[in-house]
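For reference, the chains in residue letters:
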Amino acid sequence: MPIALDRRTRRDADLRHVDMEDFLAREFPGLVARHGPLVARGIAFLQAPPLSIEVGTSSWSFSSDGTTLTASRGTIGGALVVTLSEAEFSDWAQNQRSFNAMLTARELRYRDGSEVDVSGWDSLWLTLLEGWPVVDDTIEFVDRHGAPLDLERVFTPADDPADIAHFLREAGYLHLRGWLDPADMNEIASDIDRALPDYREGDGRSWWATVEDGSRRCVRLQEFIARSPATSAILRGERWDRLRGVLAGGDPLEQPPLDGRGPEALIKPVGVTVGASDVSFHRDCHFGRHAYNCSNMVVGIAVTGSGETNGQLRIVAGSHRVLIPVEIAKSRPYLPVVAVPTEPGDVTVHLTCTLHESTPPLVEERRVLYTGFSLAPRTDDANGDDNSDSGGHALAALRERISQILLDEATRS
């Protein structure tokens, strides 16, 4: 298998304050020795400008000499210039927060460049830190026996579990059918209808969006499992546990606790004008913390079918292996883009590192449940979450604030 499921290389217990001078003196030389040529190749492929970072009164620039990544004191002409606080640089240097996280929070200060440049350097920086290449001419999609993969394949419980686990690691996603009873989806849809009156905007457990007629619609229901016996029965059932074992493929994979926020019910209305309902290409680790958490699995259960008319999941196949910048994926992806149309009861799986998007419904809404499986904690990760307040908790809070950020901006405009 080309990519190991467990890609965690960093631990919250090792977090410390990192200033720019210390990083360049202590960590940068080793990172460049290991990954500098990969970064230089990515810079050339993306035609990315140099990057200049300002922190207080200090500034350093990063560029390619044609062979590897170099650093020089001061800003340089033609560079994307990003101004960071000491805390922001420390987070960025340790993969706690990305430029994208700061941009989404409306905190990133930059000049002399575009969002495409910012996105490109998010990828190039992660290449430096983790050796995840921006481009790989040798990538191919093959099955366990070396034959080409059918990227539109749908797997059933009758398929060989080893083939299913291999496809997930090779392509970064799965489309499954026959694992759940489609008849149960009608009951879950009714549970959503019954639960909706219990949610209010601003309650801290739902997201809302504005549609074309100006009304506000609930588009994400958290704590849903407590309101849906049908969902609870599925996620606590023997077949679901069997699916976990198949996806694990020998890796230690767990189902997260089903209480608390737990699985979420999503409603995808037609005509959303404001709000985080249908999100264009992104990775679930793109705000940061890839090296602390990946790869976990995001699992979708199609309550209604999906397709071009009511929106569907689309995947950039292999984007957990090649670090296509998010803004490039939106306009000119250089790996295959695969649509995943579903029938009620189908299950989709994607790795948190895989680029994916939800296309907007055109004529009718769709409904989907999202849950997942996660890698088991490492033995030396004990109490790691307690040390990640500036990272994991902050990013979780940002995700919860996204809908409000978008609404506030729409209201001001």
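Refer to the structure printed above.
I will try to describe carefully the structure that is included in this document. (Residues numbered from 1 in each chain as written. Predicted model: local features only at pLDDT ≥ 70, side-chain atom pairs only at ≥ 80, totals over all residues. Heavy atoms only, no water.)

### A closer look at empty space enclosed by the protein
Here the idea is plain: a probe the size of a water molecule rolls over the atoms and shows the empty space left. Considering all chains together, one arrives at three cavities of 30 Å³ or more under this definition. In this structure, the largest cavity occupies an estimated 180 Å³ of space. When residues in the lining of the largest cavity are grouped by element, the largest group, five residues, is from helix H4 (residues 115–130). Partitioning the lining of the largest cavity into residue classes produces seven nonpolar, six polar and three charged. Of the volumes computed, that of the second largest cavity is approximately 80 Å³. (1 Å grid on protein atoms, 1.4 Å probe; cavity = no way out; pocket = protein on both sides within 12 Å on 5 of 7 lines; lining within 4 Å. Points joined across faces, edges and corners; volume = space filled by probe spheres on them. Helix = DSSP H or I, 4+ residues; strand = E, 2+ residues; numbered from the N terminus. Nonpolar A, V, L, I, M, F, W, Y, C, P; charged D, E, K, R; others polar.)

### Brief notes about the layout of surface pockets
By volume, the second largest pocket is sized at about 200 Å³. For the second largest pocket, the lining is made up of 13 residues, of which Gly202, Ser206, Trp207, Glu400 and Gln404 are closest to its centre. Every element with two or more residues in the lining of the second largest pocket is listed here: strand E7 (206–211) and helix H11 (389–412). Class assignment for the residues of the lining of the second largest pocket results in two nonpolar, five polar and six charged.

### Things to note about the sheet that holds strand E3 (residues 69–73)
Within a sheet, each strand pairs with its neighbour through backbone hydrogen bonds, oriented either parallel or antiparallel. Ordered in space as E3-E2-E1-E4-E5, the five strands form an open sheet in which the pairing is mixed. Each edge of the open sheet carries a strand with a single partner, namely E3 and strand E5 (109–111). Taken pair by pair, the neighbouring strands of this sheet meet at an average axis angle of 20 degrees, ignoring direction. On top of the sheet, helix H1 (residues 20–46) reaches strand E1 (51–55), strand E2 (58–64) and E3; it is set at about 25 degrees to E2, its chief contact. Here H4 sits on the sheet and contacts E1, E2, E3, strand E4 (80–84) and E5; the angle it forms with E4, its principal contact strand, is near 70 degrees. (Pairing = 2+ DSSP bridges. Axes fitted to C-alpha atoms, helices over the stretch in contact; angles between N-to-C directions. Contact = heavy atoms within 4.5 Å.)

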